[in-house]
Amino acid sequence: MKVTLDRKNNDYLFEAKGASGNSVMIDNKTVDEVKGSSPMELLLMGVGGCSAIDIISILKKQKLEIDTYHVEVEGDRKEVGQAKPFSAMRVHVYLEGDIPPAKALRAAQLSFEKYCSVSITLQAGVEVTYKVFLNGEEVE
């Protein structure tokens, strides 16, 4: 896998592209007019996107229809010298639809424990936890 980044202004704005050819704008959040996501925001988005793809795929294979899918990913950071890496991430998955609660929870478990390459990559240094909410109720 390979990505490229090309600088787009005299500050910190970059256009990043992967093999798909789709681009993402990356910027430094300390500039006056931010025109892209920060690298740390992209990490959170990566965890949310990876798990979303997994969960939707698992439920689709079971012929279950998802009316709406919403995910929120929040990260806690710690100071390590000059850097501020994530120490923990919390993912809240919100599903709406006629989905058995056990199947929604199992899809999330499979994603975070077996399939989501992004969260599994981070496991060594970041505690990634998740909760599933189905039709407004937390699934346990």
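In this text the structure is predicted, and so the values were computed from the model without any measurement.

(A) Quick look at the sheet that holds strand 7 (residues 137-139). Taken together, four strands build an open sheet; the order of strands is 4-5-6-7 and the sheet is mixed. Single-partner strands in this sheet number two, and they are strand 4 (68-77) and strand 7. Adjacent strand axes in the sheet meet at a mean angle of 25° when their direction is disregarded. Judged from the eight bridges that link them, strand 5 (residues 86-96) and strand 6 (residues 127-134) form a sheet pairing that is parallel. Its bridge partner lying in strand 6, H92 is registered against K131. Contacting strand 5, strand 6 and strand 7, helix 2 (residues 101-115) crosses the sheet at an angle of about 160° to strand 6.

(B) The arrangement of a negative patch on the surface in detail. There is a patch of like negative charges on the surface, built from E65, D67, E96 and D98. Tracing the backbone shows E65 in the loop between helix 1 (39-61) and strand 4. Note on E65: relative accessible area 61%, which makes it exposed.

(C) Inspection of the pairing of strand 5 at higher detail. Looking at chain direction, strand 4 and strand 5 are connected through ten bridges and run antiparallel. What sits directly across from E72, in strand 5, is H92.

(D) Spatial organisation of the nonpolar core. Counting residues in hydrophobic clusters, the biggest one holds 23 residues, and the most contacted among them are L59, M89, L95 and V132. At the level of elements, helix 1, strand 5, helix 2 and strand 6 are the ones that each hand at least two residues to this core. The element that contributes the greatest number of residues to this core is helix 2, accounting for six residues. The residues touching V132, leaving out its near neighbours within four places in the chain, are V93, L95, A104, L105, A108, E137, E138 and V139.

(E) Molecular detail of the domain arrangement of the protein chain. We note that the domain assignment places domain 1 (1-37) and domain 2 (39-139) within the protein chain. Computed from C-alpha atoms alone, the centre-to-centre distance between domain 1 and domain 2 is 24 Å. Across the contact, five residues belong to domain 1 and five residues belong to domain 2. For the pairing of domain 1 and domain 2, the buried interface totals around 350 Å² over both sides, and the portion due to carbon and sulfur atoms is 67%.

(F) Local environment of the sheet that holds strand 2 (residues 14-17). Strands sit in the order 1-2-3 across an open sheet of three strands; the sheet is antiparallel. Looking at the sheet topology across the chains shown, the edges are occupied by strand 1 (4-7) and strand 3 (23-26). Across the sheet, the mean angle from the axis of one strand to that of its neighbour is 25°, orientation sign disregarded. The pairing of strand 1 with strand 2 spans four bridges and is antiparallel. Directly across from L5, in strand 2, lies its bridge partner A16.

Cut-offs and rules
- Residues numbered from 1 in each chain as written.
- Predicted model: local features only at pLDDT ≥ 70, side-chain atom pairs only at ≥ 80, totals over all residues.
- Heavy atoms only, no water.
- Pairing = 2+ DSSP bridges.
- Helix = DSSP H or I, 4+ residues; strand = E, 2+ residues; numbered from the N terminus.
- Axes fitted to C-alpha atoms, helices over the stretch in contact; angles between N-to-C directions.
- Contact = heavy atoms within 4.5 Å.
- Patch = residues over 30% accessible without salt bridge, like charges linked within 9 Å, V, L, I, M, F, W, Y side chains within 5 Å.
- Areas by Shrake-Rupley, 256 points an atom, 1.4 Å probe, with all protein chains shown as cover.
- Salt bridge = Lys/Arg side-chain N within 4 Å of Asp/Glu carboxyl O.
- Lys, Arg positive; Asp, Glu negative; His and termini not counted.
- Charge placed at Lys NZ, Arg CZ, Asp CG, Glu CD.
- Buried < 20%, exposed > 50% of the residue type's maximum accessible area, 1.4 Å probe, protein only.
- Core = buried A, V, L, I, M, F, W, Y, C linked by side-chain atoms within 4.5 Å.
- Domains from an automatic or database assignment.
- Buried area = accessible area lost by both parts, 1.4 Å probe.

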